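Each chain, written out:
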Amino acid sequence: MAIFHLLKKLPLFILTLSFFTSCHKEELSPQNPMFGPRPTYDATAIGECSTSPTTGESPSQKPVLWTFVDSGFFGKEFRQLFFLQALKASSLDVVDWLYEEGVNIFKIETNSKSECRYFGFLNTAPQEYISIWETHGGQSNGKDERTLLGLFRTQLLRPSVGGPAQMRNPVILVRDDTNHWTLVHEKTHFLFAQGRLQKSNMAFIETLREDNRTLYRKLRGLEFEYIQEKQSIVAKQILKTFSDYLIVNQELFNRGPLEEFSIESLISTQVIENNSPGLNHITGLINALAYMKSNTDPVLTSYQTLVRKLKNYQEDFFKDEPQSTLDQAHDLQVSLQSKIDFIKEKVIYLQIHLEDIGEQKLDEPRQLLDHSHYDFEILLEQIDMIESLNLSHTSDTHNAFDFR
């Protein structure tokens with residue numbers, strides 16, 4: 001059979017994941033990152049804010065426990081106690097806790113119209129970090145429509161072959177006019193980075209890239225071989241390689257956006273179910289919904305492409321194979337579909353909650369609420385047009401000489 005005809009019969013395998021651009025840039029850390037001094041709280045520096053950085057519950061003890069648990073999101077582990085206490089604690093307490101763990105925190109000064117400078121008491125970021133902030137799409141003057149609210153940045157490396165991975169130079173940058181929600185978001189990136197260090201086999205970027213290329217080439221070669229000889233053992237090798245390829249692709253291309261999604265969903269759920277005094281309920285949830293959708297829309301597109309690929313295996317490419325092979329393809333499809341359903345479920349949960357708020361408030365006497373001065377007549381419209389909201393947080397966790 002001519003090579004041309006063989007290639008025409010290969011199932012189309014679009015590397016959708018490979019073409020997604022991530023918000024995590026590849027660049028070097030400042031050579032001499034500054035640490036401290038710890039900021040001193042100055043009430044006159046924050047201006048007129050509806051909520052103070054000192055507002056929150058004071059726990060009986062700081063969260064020092066190093067117990068990692070599954071977050072319930074894509075295998076990510078974190079110190080849940082630290083996360084839950086930070087939600088209800090004051091921003092000032094959270095800043096103190098982070099400093100004690102070696103995390104530097106700086107403010108990015110803005111020229112926005114807001115009279116509130118919630119994080120005005122923080123030390124101003126050195127120029128090296130301001131440059132990194134602007135590289136990630138956040139203008140320091142606060143006038144850019146693409147408003148970056150916060151950024152977590154660190155370096156993960158393994159000093160010795162086979163040894164444990166380590167975290168170096170963790171830093172959080174926040175706009176001076178943002179709020180507690182942003183601080184908790186960036187702190188959770190730090191917690192997830194700690195969770196990654198618990199995995200003895202944590203793969204670094206260069207390894208993932210090489211594995212991705214190797215598995216893709218192997219998959220195409222196996223598909224070509226199967227068309228020629230139709231051997232059942234090759235069909236099973238194809239599915240095993242496809243499964244390995246999914247794992248590498250998940251870590252290489254989707255870990256970043258799914259982490260952003262996970263954090264916003266975790267915070268939103270806690271805000272809805274356990275009211276946190278320092279978090280703006282309505283505005284925060286609307287921004288969370290926008291950010292969750294913007295991060296997962298391309299991921300869902302890639303997953304759906306891969307589901308179609310697996311259906312093609314079942315219904316056409318392997319149609320003459322034993323049921324056990326078809327079941328193997330079906331199981332992979334179900335696994336992918338469960339991720340799609342999980343993402344949609346979390347988005348719908350938040351969307352329904354916001355729609356309910358909008359409908360309830362329209363039936364109540366008009367009054368100025370402590371947590372918001374929203375015009376509820378446009379709330380439902382904003383939910384429908386959520387893609388137009390463009391506030392964002394991000395993290396930049398890089399491995400050795402590379403970035404995530």
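Residues numbered from 1 in each chain as written. Predicted model: local features only at pLDDT ≥ 70, side-chain atom pairs only at ≥ 80, totals over all residues. Heavy atoms only, no water.

**What about the confidence of the model for the protein?**
What counts is decided by this rule: Residue-level confidence of the predictor is what pLDDT reports, using numbers from 0 through 100. The contact criterion used is simple: two residues touch if any of their non-hydrogen atoms lie within 4.5 Å.
Predicted confidence across the protein gives a mean pLDDT of 78, with 74% of residues reaching 70 or more. Counting interchain partners and residues more than four positions distant, the pLDDT-below-50 stretch residues 362–391 has 49 contacts. Note on residues 398–404: pLDDT under 50 across the span, and 38 contacts to partners over four residues away in sequence or across chains.

**A short note on the state of the cysteines**
Applicable threshold: To count as a disulfide, a pair of cysteine sulfur atoms needs to be within 2.5 Å. Where helices and strands are cited, they refer to DSSP runs of H or I of at least four residues and of E of at least two residues respectively, numbered from the N terminus. Accessible area is worked out with a 1.4 Å probe on protein chains only. A residue is then buried under 20% of its type maximum, exposed over 50%, and partly exposed in between.
Enumeration over the complete set of coordinates arrives at 1 disulfide. Covalent S-S linkage joins Cys49 and Cys116, the inter-sulfur distance amounting to 1.9 Å. Between Cys49 and Cys116, the S-S torsion sits near 95°, and that sign places the bridge as right-handed. Of this pair, Cys49 sits in the loop between helix H1 (3–9) and strand S1 (69–70) while Cys116 sits in the loop between strand S3 (104–108) and helix H4 (127–135), and the two are 67 residues apart along the sequence. For Cys49, a relative accessible area of 23% puts it in the partly exposed group. Classification of Cys116 as buried rests on a relative accessible area of 13%.

**Structural notes on the environment of Leu151**
As for its placement among the helices and strands, Leu151 is situated in strand S4 (residues 148–157). Exposure remark for Leu151: the relative accessible area of 0% places this residue in the buried category. Leu151 sits 32 residues away from Leu183 along the chain, and the two C-alpha atoms are 9.4 Å apart.

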